[in-house]
Amino acid sequence: MSARGVQRGVLALGAAFLAALGTLVAAPAAEALDGDDFKAGMIITDSLFFDGTALGSGAIDSFIAAKNPGCAAGATCLENYRERITAKAKTDRCDAIAAKSNATAGQIIAAVGKACDISPKAILTILQKEQSLVTSTAPSSRAFAYAMGAGCPDDGGCNTPYQGLYAQVYYGASLLKGYTLPTSSLYSRYGAGRTSAIQYNVPTSCGTKDVFVENQATHALYVYTPYTPNQAALDNLYGTGNSCSAYGNRNFWRMYNDWFGSTTAGQSLVKAAGSSTVYLLTTDGRWALTGPVKAKELAALGTVATVSKGYLTSYANRGKMPRYVYDTGLEEVWALYGRERHKVGGCGSNLVNGLGVDCADIPQMDHGEMLRLTAGTRLTPLLTTGAGAEYYVNRAGRHAISSAAAPADSGESVSAEAVTVPASILSGAPRRAVMVADGEALTDGSEMVYRSGERLGRVGGTLWNQAGLSAFLSTPVKVASADLKIPAIADALSGFVRTEDSGDTYMLTASGLVDVGDEAPEGVAAAVADELLAPLPVASVTGMPAFLSDVATSTTYLIDGTGARKFPKGAKVHEIANSLGVDRTVVAVPSEVIDDIGLGPEMLRPGRVVKDADTGQRWLIDGAATRWRVYASQATELAVGSIATVDAARLALYTPASSSATIAVRCLGDQFVIAGGTRYLISATHVAEYEPVVSLRDVEWSTCRAIPLAETKGGRLLLSPSNARFLVTEGTVRRLKASEKVSGMGRPIPVLWTTLDGFPRG
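Residues numbered from 1 in each chain as written. Predicted model: local features only at pLDDT ≥ 70, side-chain atom pairs only at ≥ 80, totals over all residues. Heavy atoms only, no water.

## Section: the overall build of the chain
Here is step 1: Helix and strand counts for the chain come out as 23 helices and 46 strands.
Here is step 2: Relative to the 2.2 N^0.38 estimate, which gives 27 Å for 762 residues, the radius of gyration of the chain is 51 Å and therefore markedly larger than a compact globule would have.
Here is step 3: Seen through its C-alpha atoms, the chain measures out along the principal axes to roughly 160 × 60 × 45 Å.
Here is step 4: Burial status across the chain gives 52% buried among its 762 residues.
Here is step 5: Look at the contacts in the chain between residues 6 or more apart in sequence, and 69% of them connect residues 24 or more apart.
Here is step 6: Just so you have it, the chain exposes about 31700 Å², and 49% of that area is on carbon and sulfur atoms.
Here is step 7: For the chain, the centre of its 68 positive side-chain charges and the centre of its 71 negative side-chain charges are spaced 9 Å apart. (Helix = DSSP H or I, 4+ residues; strand = E, 2+ residues; numbered from the N terminus. Rg over C-alpha atoms; globule rule 2.2 N^0.38 Å. Buried < 20%, exposed > 50% of the residue type's maximum accessible area, 1.4 Å probe, protein only. Contact = heavy atoms within 4.5 Å. Areas by Shrake-Rupley, 256 points an atom, 1.4 Å probe, with all protein chains shown as cover. Lys, Arg positive; Asp, Glu negative; His and termini not counted. Charge placed at Lys NZ, Arg CZ, Asp CG, Glu CD.)

## With respect to the packing of helix α3 (residues 57-67) against helix α4 (residues 105-116)
Here is step 1: Their axes nearest at 8 Å, the elements α3 and α4 cross at an angle of 130°. Regarding the angle of α3 to α4, the classification is oblique. Crossing hand, α3 versus α4: right-handed. In this structure, α3 uses S57, I60, D61 and I64 to contact α4, whose residues at the interface are A105, G106, Q107, I109 and A110.
Here is step 2: Its residues assigned to classes, the contact of α3 with α4 shows five nonpolar, three polar and one charged. (Axes fitted to C-alpha atoms, helices over the stretch in contact; angles between N-to-C directions. Parallel < 35°, antiparallel > 145°, perpendicular 65-115°, else oblique. Left-handed = near helix turned anticlockwise from the far one by under 90°. Nonpolar A, V, L, I, M, F, W, Y, C, P; charged D, E, K, R; others polar.)

## Quick word on the state of the cysteines
Covalently bonding the sulfur atom of one cysteine to the sulfur atom of another cysteine gives a disulfide.
Here is step 1: If you walk through the whole model with that rule in mind, you get six disulfides.
Here is step 2: Note on cysteine connectivity: C152 is disulfide-linked to C158, with sulfurs 1.9 Å apart. Around the S-S axis, the bridge from C152 to C158 shows a dihedral of about 120° and counts as right-handed. The exposure classification of C152 matches that of C158, with both residues buried.
Here is step 3: Along the chain, the cysteines that take part in disulfide bonds pair up as 1-2, 3-4, 5-6, 7-8, 9-10, 11-12, counted in sequence order. (Disulfide = S-S within 2.5 Å.)

## Focus on unusual backbone geometry
Here is step 1: In this chain, E691 is followed by P692 through a cis amide linkage whose omega measures -5°.
Here is step 2: Its location among the elements puts P692 in the loop between α21 (684-688) and β42 (697-698).
Here is step 3: Its identity is not glycine, yet N102 carries a phi of approximately 50°, on the positive side.
Here is step 4: Its place among the elements puts N102 in strand β2 (residues 100-104).
Here is step 5: Non-glycine residue S132 carries a positive phi angle of around 55°.
Here is step 6: Mapped onto the elements, S132 comes out in the loop between α5 (120-131) and α6 (141-145).
Here is step 7: Take S132: its relative accessible area is 3%, and that puts it in the buried class.

## Regarding the side chain of R716
Here is step 1: Positionally, R716 belongs in the loop between α22 (701-706) and β43 (717-719).
Here is step 2: One buried charged residue, R716, remains without a salt bridge, the closest side chain of opposite sign being E689 at 4.2 Å.
Here is step 3: Here V728 takes part through its backbone oxygen, which lies 2.7 Å from a polar atom of the side chain of R716. (Salt bridge = Lys/Arg side-chain N within 4 Å of Asp/Glu carboxyl O. Polar contact = N/O pair within 3.5 Å; in protein donor to acceptor, adjacent residues only side chain to side chain.)

## Here we look at a negative patch on the surface
Here is step 1: On the surface, D409, D438, E454, D501 and E531 cluster together into a patch of negative charge.
Here is step 2: Along the chain, E531 falls in helix α16 (residues 530-533).
Here is step 3: You can call E531 partly exposed: its relative accessible area is 31%. (Patch = residues over 30% accessible without salt bridge, like charges linked within 9 Å, V, L, I, M, F, W, Y side chains within 5 Å.)

## A short note on the sheet that holds strand β38 (residues 655-660)
Here is step 1: Pairing is mixed across the open sheet formed by five strands, whose spatial order is β37-β34-β35-β36-β38. Among the strands making up the open sheet, the edge pair consists of β37 (644-646) and β38. Mean inter-strand twist for the sheet, computed between neighbouring axes without regard to direction, equals 40°.
Here is step 2: Alignment of strand β34 (residues 609-612) against β37, held across three bridges, turns out to be parallel. Among the inter-strand pairings, K611 is bridged to a residue of β37, identified as T645. (Pairing = 2+ DSSP bridges.)

## A look at a positive patch on the surface
Here is step 1: Taken together, K294, K296, K320 and R339 make up a surface patch of like positive charges.
Here is step 2: By the element assignment, R339 lies in the loop between β11 (332-337) and β12 (340-345).
Here is step 3: Of the residues examined, R339 reaches a relative accessible area of 48% and is grouped as partly exposed.

## Notes on the sheet that holds strand β24 (residues 491-492)
Here is step 1: Pairing is mixed across the open sheet formed by five strands, whose spatial order is β23-β20-β21-β22-β24. Here the strands that pair on one side only, and so sit at the sheet edges, are β23 (477-478) and β24.
Here is step 2: Of the pairings in the sheet, the one linking strand β20 (residues 441-443) to strand β21 (residues 447-452) comprises three bridges and is antiparallel in character. Residue pairing in the sheet places A441 in a bridge with Y450 of β21.

## Some points on the pattern of salt bridges
Here is step 1: The tally for this structure, following the rule as stated, stands at 18 salt bridges.
Here is step 2: With its nearest N and O atoms 3.1 Å apart, the salt bridge here joins D491 to R455. Linking D491 in strand β24 with R455 in strand β22 (residues 455-460), this pair joins segments that are 36 residues apart in sequence.
Here is step 3: Given the relative accessible area of 10%, D491 is considered buried.

Printed below as a string of structure tokens:
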């Protein structure tokens, strides 16, 4: 086609090539390239070669001036060259170009580069390697006429109407761009992504080299100059090789590296000038490496090239780079992490679908580029995140699992080793129902799901913990709340459960199950599979216990027909049990059990005087089941503290005694007189003197204990509010004189006048 190398000089090292050799051979040793670095399959990356706005006209002119500061007197050099740019209509290769008079070389190169998407840096390099135009201080008219070597075959003379700098630059750039169009007849010659036999020089006797052409830029350069350098040319990179050496593509690679830096940068990774955001370029657009995949993970794809914003935006913006890419050669999806590629499968595979990967929405990467990345472990349906979360992925999506055995126990057929992946690998996978292995459990902290045999059970986290189910079932594996999708078939456990097969009803306790039969609250028992309860121990006793303790609050309740009745302050279980004649065992249960039973009226404190809210009648509460009528005259003596008003419903739970209360009581064989809310121990002989005005009442020990005991024993002496002494004798009282002495009658008991007034005077 064109000179595409050394312009007919590949055999004879013509004058034009010798000029180029003389001007460029003196690269500084510290910067000199090594011929071993030349990669025949990628002479320059696409992003560098096709960046049509890589340099503006001013920058191009400045570059030329810097490279050639000494144009000969009277000579026309590239630095002072001027030409009219004639208008060009848009073609399938290049956009339209507007006319411009007296254009500089920089303006010509910039206009053509932008229109044809060929980098001005590449054009400058071709001008130099073809005619030494950039550095020549006295270029010939022929050098300008055939500046790009376009239309100058290597095996014949130049015969082209496209003469002059502008015509040559436009013609050469349009050819280079045209070779990359699928409609071009030369598109398949040395085609990208395939291996081609490329000659070393014009004579076929020099032989060929099999070259895998990696990209379109290299393909275009080989069509433009169809030779690859032999080892002799590469061994003497800044000089000549042997008679079979060709230099065109070698010189392009060498000169570009010397002038503009590495030609291998940016084959896949680029960033715009002035920006730190790196993008992966693929056939379907640009992908910002600011998401889960960062540039360092793709370092194997080569150096990041800085390109013009115009070139970058010529690629469709596809957003942030995902974890998945599609290998267009193998037609497979791969996951990217850990600086490796990991095979997932074809677009229609269960794993790809389950991970939520849409092949149309991920980068389409050339197989050759994929091979730059190290192949890592293939993904399997069993995936574990770095944080320890385990999943099974099938076609439906991802399932949080309790262990690798869970899928099989859930009816899935899987045989694979678990693979650890970043959590972002699973970010697009729909969350589906959890899978639990037999004897294992999962939790998000607020709810648990476990498997026993073929059945699944679900339990609230509070109920699970308070019932201590981990000791009987399994310590649950923690999962994220979003992952805990519990299957609808799971049976929900509550404080009371009823087995489906046997119909037995159990209460959940802190130590297993209690068979409560028909004593369970109506309508609260949850129906569950028998096998879900099989791991839990069952207590030997049956029926509803009389006493339950809430494990969360340690509050004790009496259970009766009204519900769970909270124990009064200071009450003792054995006293209440004795009072009611029931077993004193207290069973610790979860709070939910108490909630299921429902709260009944709170128990009243034994030994306290209360007032009926409806009638005003006062009563002494005796133990857990009895109340004694208290007359107003004695209420203050019997009351410990203030007299509380209670509703009739609470009082109704206590059976009225057949008689009224008095200030004399007996409990556990001892006699007491109660005065001022204090009980005074007296002998049986002394208390007999109070009869028949004050009859002795037998009460529960809990009632006695609730009334404070005086430090001294009482007897037959009573002390009035005015400190007058009275002696009780056979149901009467006699006032003693101040000087009157008595002995053996006990310490005086302080009483109210109303109490004294209840005795006849003796």
